[in-house]
Amino acid sequence: MDTAAYAQRAMDLVNATLDTPDDLRAFLGTREWMVEAVRAEDVPVLQEFRVRLAEVADASAARDGGTVVARLNALLARHPIRPVISGHDEGSWHLHVYDMDASVSETVCAEALFGLAMLVSDHGATKIGRCAATRCTNAFIDTSANSSRRFCSTRCSTRMNVAALRARQKAARTS
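Analysis parameters
Residues numbered from 1 in each chain as written. Predicted model: local features only at pLDDT ≥ 70, side-chain atom pairs only at ≥ 80, totals over all residues. Heavy atoms only, no water. Axes fitted to C-alpha atoms, helices over the stretch in contact; angles between N-to-C directions. Helix = DSSP H or I, 4+ residues; strand = E, 2+ residues; numbered from the N terminus. Left-handed = near helix turned anticlockwise from the far one by under 90°. Contact = heavy atoms within 4.5 Å. Nonpolar A, V, L, I, M, F, W, Y, C, P; charged D, E, K, R; others polar. Buried < 20%, exposed > 50% of the residue type's maximum accessible area, 1.4 Å probe, protein only. Patch = residues over 30% accessible without salt bridge, like charges linked within 9 Å, V, L, I, M, F, W, Y side chains within 5 Å. Areas by Shrake-Rupley, 256 points an atom, 1.4 Å probe, with all protein chains shown as cover. Salt bridge = Lys/Arg side-chain N within 4 Å of Asp/Glu carboxyl O. Phe/Tyr/Trp six-rings, centres within 6.5 Å; stacked < 30°, edge-to-face > 60°. Expected span 1.5 Å × (residues − 1).

(A) Structural detail: the packing of helix 1 (residues 3-15) against helix 6 (residues 104-123). Interaxial distance between helix 1 and helix 6 falls to 7 Å at its minimum, and their mutual angle equals 115 degrees. Between helix 1 and helix 6 lies a crossing of left-handed hand. Two secondary-structure elements touch here, helix 1 through Thr3, Tyr6, Ala7, Arg9, Ala10, Met11 and Leu13 and helix 6 through Val108, Glu111, Ala112, Phe114, Gly115, Leu116, Met118 and Leu119. Of the residues that constitute the contact of helix 1 with helix 6, the class distribution is eleven nonpolar, two polar and two charged.

So this is what it looks like as structure tokens:
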């Protein structure tokens, strides 16, 4: 598994609505083996975990790397991960955190923490941002070279740029 995909799933979890088992199934999408294993008990675990991940995202967006690391380490202690080497042949070995005996919530927590731990280790503790668009607070991973990304998506960026353009045009007409 690409650890960047695990980190992205962590951000997807921060941005998700998880009020019911059906919300969790929708979040898991095409991961049928997990969708079938969802239990009602997974939801409150992931709701609490989601709040803690949001705190990590907020600390990173505030450029507080020490808090990011402290919060991630606390989450790693509370939700231990059990990485395993997996592969299809001699040339495809890679790490996964799937455990056949783990619940869906344990697996989702492990994936998110593994991805974020690798993100912080490889790229620094301040690569997570919060969308600067009005009415959007989505968390995102800032993959820009100079950590300058401001929006979670092209949609939010475009919406804000169009609003700024209209405001400038209106100001020009009234001057």
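(B) Representation of unusual backbone geometry in the model. A positive phi angle, close to 65 degrees, is found at Arg63, a residue other than glycine. As for its position among the elements, Arg63 is in the loop between helix 4 (42-61) and helix 5 (65-78). By relative accessible area, which is 45% here, Arg63 ends up partly exposed. Within the chain, Ser147 stands out as a residue other than glycine whose phi angle is a positive 55 degrees. You can see Ser147 is positioned in the loop between strand 4 (139-141) and helix 7 (154-174).

(C) Summary view of a nonpolar patch on the surface. Nonpolar side chains collect at one region of the surface, where Trp33, Tyr98 and Met100 lie side by side and expose about 350 Å² of accessible area between them. Looking at the secondary structure, you find Tyr98 in the loop between strand 2 (94-96) and helix 6. Looking at Tyr98, the relative accessible area reads 30%, which means it is partly exposed.

(D) Representation of the packing of aromatic side chains in the model. Under the criterion given, the structure shown has one aromatic pair. Between Tyr6 and Phe114 the ring centres are 5.7 Å apart and the planes differ by 75 degrees, which places this aromatic pair in the edge-to-face class. Here the residue Tyr6 occupies a position in helix 1, and Phe114 occupies one in helix 6, the gap between them amounting to 108 residues. Summarising the burial analysis for this pair, Tyr6 and Phe114 share the class buried.

(E) Expanded view of helix 4. The end-to-end C-alpha distance of helix 4, which contains 20 residues, comes to 28 Å, matching closely the 28 Å that a straight helix rising 1.5 Å per residue would cover. The complete set of buried residues in helix 4 reads Asp42, Val43, Leu46, Phe49, Leu53, Ala54, Val56, Ala57, Ala59 and Ser60. Among the structural elements, helix 1, helix 2 (21-28), helix 5, helix 6, strand 3 (128-130) and strand 4 are those in contact with the buried residues of helix 4. Trailing helix 4 by a residue or two, Arg63 shows a phi angle of about 65 degrees, which is positive.

(F) Fine view of the environment of Asp99. Summarising the element assignment, Asp99 is placed in the loop between strand 2 and helix 6. According to the relative accessible area criterion, Asp99 is buried, its value standing at 18%. With 18 residues separating them in the primary sequence, Asp99 and Ile81 have C-alpha atoms 9.1 Å apart.

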